[in-house]
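Tertiary structure, described
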Amino acid sequence: MKEKKPRGELTTQEAFLLNHRRHKHKILLLRTALLIFFLCIWELCARSGIIDSFFFSSPSMVVQCCIKMTADGTLFTNIGITLAETLISFFLVIAIGILSATLLWYCKSASEVLEPYLVILNSLPKSALAPLFIVWLGTGMKTIIVAGISVAVFGCIISIYTSFLQVDPEEMKLIYTLGGKKSDVFLKVVFPSSIPTILSTMKVNIGLALVGVIIGEFLAARRGLGYLIIYGSQVFQLNMVITSILILCLIAVLLYQGIRQLEKHYERKL
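Keep in mind that what you see is a predicted model, and the values were worked out from it rather than measured.

Right, let's talk about the side chain of S111 for a bit. Of note, S111 is situated in helix α5 (residues 108-123). Judged by its relative accessible area of 3%, S111 falls in the buried class. Residues contacting S111, with those up to four places away along its chain left out, are L104 and Y161.

Now for a nonpolar patch on the surface. Taken together, the side chains of L34, F37, I41 and L44 define a hydrophobic patch exposed on the protein surface, amounting to about 430 Å² of accessible area. Inspection of the secondary structure puts L34 in helix α1 (residues 12-48).

Here α1 is 37 residues long and its end C-alpha atoms lie 53 Å apart, about the 54 Å a rise of 1.5 Å per residue gives. Buried within α1 are the following residues: W42, E43, C45 and A46. For α1, the elements touching its buried residues are α2 (53-56), α3 (59-71) and α11 (238-269). Just downstream of α1, G49 is the residue with a positive phi angle, here 85 degrees.

Here we take up the state of the cysteines. For the coordinates displayed, the defined rule picks out zero disulfides. Here C40 stays unpaired: no disulfide links it, and the sulfur of C45, its closest cysteine neighbor, is 11 Å away. With relative accessibility at 41%, the residue C40 sits in the partly exposed group. No disulfide involves C107; its nearest neighbouring cysteine sulfur is the one of C156, lying 20 Å away.

Taking 1.5 Å per residue, 16 residues should reach 22 Å; α5 reaches 23 Å between its end C-alpha atoms and fits that length. Roughly 40 degrees is the biggest bend found in α5, and it falls at L114, with proline P116 one to four residues downstream.

In the structure shown here, the tally under the stated rule is ten aromatic pairs. Measuring from centroid to centroid gives 5.5 Å for W105 and F186, while their planes differ by 45 degrees, and the two rings are tilted. Residue W105 is located in helix α4 (residues 74-106), and its partner F186 is located in helix α9 (residues 182-220); the two are separated by 81 residues in the primary sequence. F186 shares its class with W105; the two are buried. Ring pairs connect the aromatic residues W105, Y106, F164, F186 and F191, which therefore count as one cluster. Note that K182 overlies the ring of W105, its terminal NZ or CZ placed 5.2 Å from the centroid.

How each quantity is defined
- Residues numbered from 1 in each chain as written.
- Predicted model: local features only at pLDDT ≥ 70, side-chain atom pairs only at ≥ 80, totals over all residues.
- Heavy atoms only, no water.
- Helix = DSSP H or I, 4+ residues; strand = E, 2+ residues; numbered from the N terminus.
- Buried < 20%, exposed > 50% of the residue type's maximum accessible area, 1.4 Å probe, protein only.
- Contact = heavy atoms within 4.5 Å.
- Patch = residues over 30% accessible without salt bridge, like charges linked within 9 Å, V, L, I, M, F, W, Y side chains within 5 Å.
- Areas by Shrake-Rupley, 256 points an atom, 1.4 Å probe, with all protein chains shown as cover.
- Salt bridge = Lys/Arg side-chain N within 4 Å of Asp/Glu carboxyl O.
- Expected span 1.5 Å × (residues − 1).
- Disulfide = S-S within 2.5 Å.
- Bend = angle between axes of the 7 residues up to and from the residue.
- Phe/Tyr/Trp six-rings, centres within 6.5 Å; stacked < 30°, edge-to-face > 60°.
- Lys NZ or Arg CZ within 6 Å of the ring centre and 35° of its normal.

What follows is the structure, encoded as structure tokens:
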């Protein structure tokens, strides 16, 4: 007969889960407290004259700038443009990365020839390419999306291809032993085993795509948060500059958390 635990006493698993939840809540509380502390110090320094609010702004001035830009419709329009360009760049990076890594895996000789070039292109400062994109493609969304792709795509290809190569060879040998073809090995072993790496790469690439889009908007845009940063610095509307930067930080966090939730959903399904 199964022995019942005393009322009010937690099992080892329940105690572990409770401690884990408490730890997560503690971390969230500390993060929130740190952010509030930073905002309070920033506001106090601006109000007391320790820092010049003209150059460094303040939380209250940022809120006022947000309200003003929301009222005239510029805030959400520019956020939407930057977000759309980032998401298009991100999905194209992932598609190109998976397709290119697959082709390199299927053709070993091609990977041996192209791998050093991928490393060189990945190491190249992408801001140096932006003026060329403007000359080749003109100004506009197309140039900005290409700039966003260029920042992330080569690293994405290298990461996914490296993951393909690290699959357990015994599993691959088993598929061949059972009469499978190379396509069967890829679809049943290589690609499924690399999904965690692909998701991790996506978390990195969503931020890189945003960086590339902002670089493109600095040089070739008339709308978007990158354009607002450049325009605000040129006319000394530094509240607009800092507001745009803070919004970019918020967008980066939300995009990262979106990929993180996708990763958690995949882990729960395993």
